[in-house]
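What follows is the residue order along each chain.
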Amino acid sequence: MNWKQLWEGYKGRLLGTAAAILFIPIYLFFGFWNMLFCALLLYVGYTIGKYKDLDQGSLIPWRELLDWLNARWRPFK
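No experiment lies behind these values; they were computed from the predicted model shown.

Tallying each qualifying case throughout the model produces two salt bridges. For Asp53, the salt bridge is made with Arg13, and the minimal N-O distance between the two is 3.2 Å. Here Asp53, found in helix α2 (residues 32-53), pairs with Arg13, found in helix α1 (residues 3-28); they are 40 residues apart in sequence, far enough to count as distant. With a shortest N-O distance of 3.9 Å, Asp67 and Arg63 are connected by a salt bridge. Here the residue Asp67 and the residue Arg63 both occupy positions in helix α3 (residues 62-72), the gap between them amounting to four residues, near one helical turn. Asp67 gets classed as partly exposed once you look at its relative accessible area, which sits at 41%. When its relative accessible area of 54% is taken as the criterion, Arg63 is described as exposed.

Definitions and cut-offs
- Residues numbered from 1 in each chain as written.
- Predicted model: local features only at pLDDT ≥ 70, side-chain atom pairs only at ≥ 80, totals over all residues.
- Heavy atoms only, no water.
- Salt bridge = Lys/Arg side-chain N within 4 Å of Asp/Glu carboxyl O.
- Helix = DSSP H or I, 4+ residues; strand = E, 2+ residues; numbered from the N terminus.
- Buried < 20%, exposed > 50% of the residue type's maximum accessible area, 1.4 Å probe, protein only.

Laid out in structure tokens, this is it:
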């Protein structure tokens, strides 16, 4: 597999992971617990990129959430 195929197949994962890696050095200088936060950032970046790669839509179902909130809470009935 060459770089072009890798980029085409895993573009979202690569960008998400790269974005997280850019923030990691900032947090690594501040201690162990912040390093764990960096691992969380890396996981979130990878997961969001994976959803983009697989065209699974948004991680949060915004339309369903908005419909549910409108059904539950209608201040101006």
